[in-house]
Amino acid sequence: MVFASHSFLAFLAITLIAYWLVGRSDERLGKPLLIVASFIFYGYWIPAYLLLLTASILFNHVIARTIMNHPPAGARRALIVLGITLNLALIGFYKYAAFVVESLNWTLQTRFDVPDIVLPIGISFFTFQQISLLVDAYRDRVASLRFWDHVLFISFFPQLIAGPIVRQHDMMPQLAARRNWSLRADYLAIGIALFAFGLFKKTVLIDPVVPYLDLVYQAAAAGDPVGFLDGWAAGLGYGFQVYFDFSAYSDMAIGLGFMFGLRLPINFFSPYKADSIRAFWRRWHISLSRFLRDYLFIPLGGSRHGLPRTVAALVITMALGGLWHGAGWTFVIWGLLHGAYLSVNHLWRAFVSSRLPGVRDSVRRSRILTLAVRALSIVITFIAVSFAWVFFRSPDLDSAMRLAVAMFGFSGWHEVVYLSRGIVPMFPIYLLIIWLLPNTMEIFQATRAALHVEDYRDDRVSPLLPHWLSFNLNARWAVTTALVFILAWFMLSNLSPFIYFQF
Amino acid sequence: MDEHSNPARHDDQSRAAARRFLRVFAWLVGITALVVASVNLVAYRYMLRADNQDIVQLLSGWGRMYKPILYDELKPKVAVFGASWARDAFDPIETSRLVGRAVFNHGVSGGSDYETRRFADAALDNPDLEAAIVNLDTFYRDEIGARTRYGFDESILEVDADLRPNRWVGLRRAYSLALTGWAAGANLNLIKAIHARDSGVAKPDYLRSYEIANLTWHAQEIDETRKRIFPEPGSDPIKSPGPSVDWRQMAPPAELAILIDRFCDRGVDVYAYYTPSHTRNQACDLQASREIATLEFLRRKQASCNAKISYFDFSYPNAVTLEGVLIPVEASEYWRPDDHPRPTVGLLMAARMFGREFPAGTQPILTQDFGADLMSHEDAEGWLIDRSARCEGDWSDKGYASYVEALTEP
């Protein structure tokens, strides 16, 4: 079920009513009800994959509990290796088997049958959550692990199929401490508002123009000539699409969680306001960035073993991060591009610190220069990220390369007749939103609906948040929320699922 | 307050504020939904009236949602499928009158090959359907187009792409009709158009399909077209831009093949046609590769078809597509400002396809030379090649002089 669909709205309404009714009779019943609802939500797509989800929970629970019982060190190590290996094998089979066989056939000229496997929705997300749980158990960082808490931690429907990737230390304490599982008016009101704003971003702001963007990618995929303007329309356009789509999803997920009184971690914080690629990854898909940092980049050596090792760790981490998004070389190249960007960023910072400290200090002393450098950095970061999106979105390497070449101006001015239609006239509006308006987390800051928002206190670069733009449970915001919801609801068309649902 | 403690303030004041918030929200959403749904559903009943069908079916922009639903209510005997070239050409009321059967215009703005085939899939559920008019231009395109456009919702069609029944269609349709921006937008436009009609406003002023082109605005292009198609005796032929694709080297359009097969299986007659386009916009293909490739494809289909397939080409230099080429025409009889054919052309095409009388006042040259059923023609390939040759001034198949005389009549 896609959040932006009529069927999900009906499911949500029924679940909320059931949760309210159950809470009135026995406030402990809310938790089992959420588990049942989450399994219905997951099984709505392919019921058979409920078995997979259940098996994953059972297996990881047994392994984690055994590790937490402190068996001998060798056994503990064997268990964590077994646990991680089997989780990776699961995701490897379902997500990467076809990719591996295709790559083998291509490189070795073999003719193995490419398996036709339907990817279980959300497998990349819940498998990562399981791995993080096992690693935390191994590191003695899990305070308690009750079975039904584990079930809800993995299956909780707002985050089950497209994140945020919730870590056990974010969710388990909430589940363990919670006694009263009844519906609360304040949680519900704030959750509904967040959900409405997310829905609006998707159905009103971006979905109506996506078909025009698709035309450019279809042209490139068909081998048609694409020009400079087409290439940038494709890069910037998809940058806006994935931005609004994923920020919409993140708002809706956090809002949904909060309706039931559970706080999910912040996942998105105006990434296009980032003034460096490093800052971008602090703000884009935050839960994944944190996972990659803690479970991949740091174990690979992090940034404490000299520059070459740091660069190597960055490139490997980002390449695997790219591969996590999809089984294809376009995703690997997207990850490698970001790895390269991050490496350049590190090298540049090291160069400025060691060779140009005077220049850096004089820039810092001048407010105008600081602002100008920052604005320029934001634009450069945005352009670099937009260029990389072309690889992320393109269906194959050939079309990605065709667009990339066009973006460097090697194939004429423009070719695709639809260029002037649809999405391009929206660019100025999108730029205004992404660069000048406060983000949802800032608007809803006072509600504390998401975890870790405070970590971003110093990252705010929006023009000052006026008081009237700060969400409050008053009549003005109720009217605004209602209007936003009505518009978004009336624009629902069941047309396009969220981009991150396919990962 | 630590990170995992209860997030909102717990005091009674906060809860009271939240309850007020939810009340305002629920009332506003509820009342708006109720009002919008009531207006939309009343308007929908109004939409079903027979005398409103021209406005409803020719209204641009909302067809993807409304037309499948209306079609199932109206259960026509003849349906038109295609993009806006087809939508603008066939006025359902006038065409029904001419053909003598209830006609439904299923054309939509920018309709893609896939969308058109899917609308046809769903239309097969109607046992009354006897014939389908299929605009071939929707399928034979040499440009990249989106598979579907915004507003196309497969879940409101009776069947999925493999003809399996869709679930909850009634519920989804009720929702679409009652609570979508599409319904609200369509109703506003509909009410405006009906009000204009009832106030005595002329058709071209409230129905976009009837809008009238001023062909003198394209004087330079038309002049070039005239020199090419009606060259001065003894002058060298002028080449025109040719087609970019040789259709005979390509596989037939997959969606068209599916559509024809499904109509054939259900015994629905197919009237496939290439829409006329003004000669100043026509690319010359002296080999008529697209038209001949289509002919060969349809002949193969006819061999295993349970119904009759007819095939008409109107897109060649004739009295409709040459309008304004020899004498300036300020108020076009046949063309809209965006170069789509007007419903006047649709009547001529329908008369030819269904063998009916041409509308009163039709130029005699049109009754003699405006399309032909190429499936039953003795020399269909020759007919196509001869007519293609006209676009570079070769009128050997038909008297150059008689055409000049006919087209220069005031």
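Residues numbered from 1 in each chain as written. Chains lettered and ligands numbered in written order. Predicted model: local features only at pLDDT ≥ 70, side-chain atom pairs only at ≥ 80, totals over all residues. Heavy atoms only, no water.

### Quick word on the overall build of chain B
Looking only at helices and strands, one finds 16 helices and five strands in chain B. Its C-alpha atoms give chain B principal-axis dimensions of roughly 95 × 50 × 50 Å. Residues counted as buried form 56% of the 410 residues belonging to chain B. Relative to all contacts within chain B whose residues are 6 or more apart in sequence, the contacts with residues 24 or more apart total 81%. Carbon and sulfur atoms make up 53% of the accessible area of chain B, which amounts to about 17500 Å² in all. Between the mean site of the 47 positive side-chain charges and the mean site of the 59 negative ones, chain B shows a separation of 7 Å. (Helix = DSSP H or I, 4+ residues; strand = E, 2+ residues; numbered from the N terminus. Buried < 20%, exposed > 50% of the residue type's maximum accessible area, 1.4 Å probe, protein only. Contact = heavy atoms within 4.5 Å. Areas by Shrake-Rupley, 256 points an atom, 1.4 Å probe, with all protein chains shown as cover. Lys, Arg positive; Asp, Glu negative; His and termini not counted. Charge placed at Lys NZ, Arg CZ, Asp CG, Glu CD.)

### As for the packing of helix α9 (residues 185-206) of chain A against helix α21 (residues 475-490) of chain A
All names here are of chain A. In the contact formed by α9 and α21, the axes pass within 8 Å of each other and the chain directions differ by 40°. Considering only the axes of α9 and α21, their crossing is left-handed. Where α9 approaches α21, its residues I192, A193, A196, F197, L199, F200, T203 and V204 are matched on the opposing element by W477, T480, T481, V484, F485, L487, A488 and W489. Considering only residue class, the contact of α9 with α21 consists of 13 nonpolar, three polar and no charged. (Axes fitted to C-alpha atoms, helices over the stretch in contact; angles between N-to-C directions. Left-handed = near helix turned anticlockwise from the far one by under 90°. Nonpolar A, V, L, I, M, F, W, Y, C, P; charged D, E, K, R; others polar.)

### Some remarks on the nonpolar core
By size, the foremost hydrophobic cluster in this structure holds 177 residues, and its most contacted members are A:F8, A:Y272, A:W389 and A:W489. No other element matches helix α11 (residues 228-259) of chain A, which puts 16 residues into this core. Viewed by domain, this core spans two of them, domain 1 (6-182) and domain 2 (195-502) of chain A, each represented by three or more residues. Contacts of A:W389, omitting those with residues within four sequence positions, involve A:Y217, A:G235, A:Y238, A:G239, A:V242, A:Y272, A:F280, A:W284 and A:W334. B:I69, B:L70, B:Y150 and B:A193 belong to the second largest nonpolar core, which has 72 residues in total. (Core = buried A, V, L, I, M, F, W, Y, C linked by side-chain atoms within 4.5 Å. Domains from an automatic or database assignment.)

### Looking at the interface of chain B and chain A
Each partner contributes residues to the interface: chain B has 41 residues there, and chain A has 50 residues. Here chain B meets chain A over a buried area of about 3800 Å², counting both sides, of which 64% is carbon and sulfur. Counting every contact that joins chain B to chain A gives zero salt bridges. Linking chain B to chain A there are one residue pair in polar contact (both at pLDDT 80 or more). Elements represented by at least two residues in the side of chain B that touches chain A include exactly α1 (12-47) and α7 (169-178) of chain B. (Buried area = accessible area lost by both parts, 1.4 Å probe. Salt bridge = Lys/Arg side-chain N within 4 Å of Asp/Glu carboxyl O. Polar contact = N/O pair within 3.5 Å; in protein donor to acceptor, adjacent residues only side chain to side chain.)

### Considerations on the sheet that holds strand β5 (residues 309-313) of chain B
Residue and element names in this part refer to chain B. Taken in spatial order, the five strands of this open sheet run β2-β1-β3-β4-β5, and their pairing is parallel. In the strand order of this sheet, the two ends are held by β2 (103-105) and β5, each with one partner. For this sheet, the mean angle separating the axes of adjacent strands, direction not counted, is 15°. The sheet contact formed by strand β3 (residues 131-135) and strand β4 (residues 269-274) spans five bridges and is parallel. Paired with A131 across the two strands is D269, which belongs to β4. Along the sheet face, helix α3 (residues 63-74) touches β1 (78-81) and β2 and points at about 170° away from the line of β2. The strands touched by helix α13 (residues 343-354) are β1, β3, β4 and β5; relative to β4, the strand with the most contacts, the crossing angle is about 135°. (Pairing = 2+ DSSP bridges.)

### With respect to the state of the cysteines
Residues and elements named next belong to chain B. According to the stated counting rule, one finds one disulfide over all chains in the structure shown. Linked covalently through their sulfurs, C264 and C305 form a disulfide whose S-S length is 2.0 Å. Across the S-S bond of C264 and C305 the torsion is about -95°, and the bridge reads as left-handed. With a gap of 41 residues between them, C264 in helix α11 (residues 254-265) and C305 in the loop between α12 (289-303) and β5 connect regions that are remote in the sequence. Residue classification places C264 among the buried residues on the basis of a relative accessible area of 4%. Judged by its relative accessible area of 13%, C305 falls in the buried class. (Disulfide = S-S within 2.5 Å.)

### With respect to the packing of aromatic side chains
All names here are of chain A. Here the structure, examined in full by the defined rule, presents 78 aromatic pairs over all chains. A ring pair is formed by Y42 and F126, whose centres lie 6.3 Å apart and whose planes are at 75°; its orientation type is edge-to-face. Of the two residues, Y42 is situated in helix α2 (residues 30-43) and F126 in helix α5 (residues 123-138); the sequence distance between them amounts to 84 residues. In this structure, Y42 and F126 share a single accessibility class: buried. With centroids separated by 5.8 Å and ring planes inclined at 75°, the aromatic side chains of F157 and F260 adopt a geometry described as edge-to-face. Placement of the pair is F157 in helix α7 (residues 157-160) and F260 in the loop between α11 and β1 (264-265), with a sequence separation of 103 residues. (Phe/Tyr/Trp six-rings, centres within 6.5 Å; stacked < 30°, edge-to-face > 60°.)

### Some points on the pattern of salt bridges
Two side chains that carry opposite charge are able to pair once their charged atoms sit near each other. Scanning the model with the defined rule gives 44 salt bridges over all chains in all. A salt bridge links A:R290 to A:D455, with the nearest nitrogen and oxygen atoms 3.0 Å apart. Residue A:R290 is found in helix α13 (residues 286-297), and its partner A:D455 is found in the loop between β2 (450-451) and α21; the two are separated by 165 residues along the sequence. Close ionic contact of B:R280 with B:E221 constitutes a salt bridge, the shortest N to O distance being 3.4 Å. Placement of the pair is B:R280 in the loop between β4 and α12 and B:E221 in helix α10 (residues 219-229), with a sequence separation of 59 residues. For B:R280, a relative accessible area of 12% gives the class buried. Judged by its relative accessible area of 36%, B:E221 is partly exposed. One salt-bridge network, held together by shared partners, links B:R117, B:R118, B:D121, B:E154, B:E255 and B:R262.

### Let's talk about the confidence of the model for chain B
Predicted confidence across chain B gives a mean pLDDT of 89, with 95% of residues reaching 70 or more. Below pLDDT 50 for its whole length, residues 1-9 of chain B participates in 29 contacts with residues either more than four positions away or in separate chains. (pLDDT = per-residue confidence, 0-100.)

### Let's talk about helix α3 (residues 49-68) of chain A
Residue and element names in this part refer to chain A. Taking 1.5 Å of rise per residue, 20 residues should cover 28 Å, and α3 covers 28 Å from first to last C-alpha, within 8% of that figure. Buried residues of α3: Y49, L52, L53, S56, I57, N60, H61, I63, A64 and I67, and no others. The elements touched by buried residues of α3 are α2, α4 (73-108), α5, α6 (147-155) and α7. Backbone geometry just downstream of α3 places H70 in the positive-phi region, at approximately 55°. (Expected span 1.5 Å × (residues − 1).)

### A closer look at the domain arrangement of chain A
For an interface, size is often stated in terms of accessible area lost upon the parts coming together. Residue and element names in this part refer to chain A. Domain parsing of chain A yields domain 1 (6-182) and domain 2 (195-502). For domain 1 versus domain 2, the distance between C-alpha centres works out to 26 Å. For the pair domain 1 and domain 2, the number of links is one salt bridge. As a salt-bridge pair, R167 and D294 come within 2.7 Å of each other at their nearest N and O atoms. When contributions to the side of domain 1 that touches domain 2 are tallied by element, the ones reaching two or more residues are α1 (6-25), α4, α5, α7 and α8 (168-177). Here the residues of the side of domain 1 that touches domain 2 sort into 25 nonpolar, eight polar and six charged.

### Describing the packing of α9(A) against α11(A)
Residue and element names in this part refer to chain A. In the contact formed by α9 and α11, the axes pass within 7 Å of each other and the chain directions differ by 160°. Looking at the two axes, α9 sits roughly antiparallel to α11. The way α9 lies across α11 gives a crossing that is left-handed. Classifying every residue of the contact of α9 with α11 by side-chain character gives 17 nonpolar, five polar and four charged. (Parallel < 35°, antiparallel > 145°, perpendicular 65-115°, else oblique.)

### Observations concerning the pairing of β5(B)
All names here are of chain B. The buried count for β5 comes to five of five residues, which makes it a mostly enclosed element. In the sheet, β4 pairs with β5 via five bridges, with the strands oriented parallel. Bridge pairing in β5 places Y273 opposite F312. In this region the chain leaves β4, passes through α12 and returns to the parallel neighbour β5; the handedness of that crossover is right-handed. (Right-handed = clockwise from strand over helix to strand, strands pointing away.)

### Details of unusual backbone geometry
Residues other than glycine predominantly adopt negative phi, and peptide bonds predominantly adopt the trans conformation. All names here are of chain B. Positive phi, normally seen in glycine, also occurs at L163, with a value near 70°. Mapped onto the fold, L163 is located in the loop between β3 and α7. What makes L163 partly exposed here is its relative accessible area of 30%. A positive phi angle, near 75°, is found at D339, a position not held by glycine. For D339, the location among the structural elements is in the loop between β5 and α13. Accessibility expressed as a relative area gives 17% for D339, which makes it buried.

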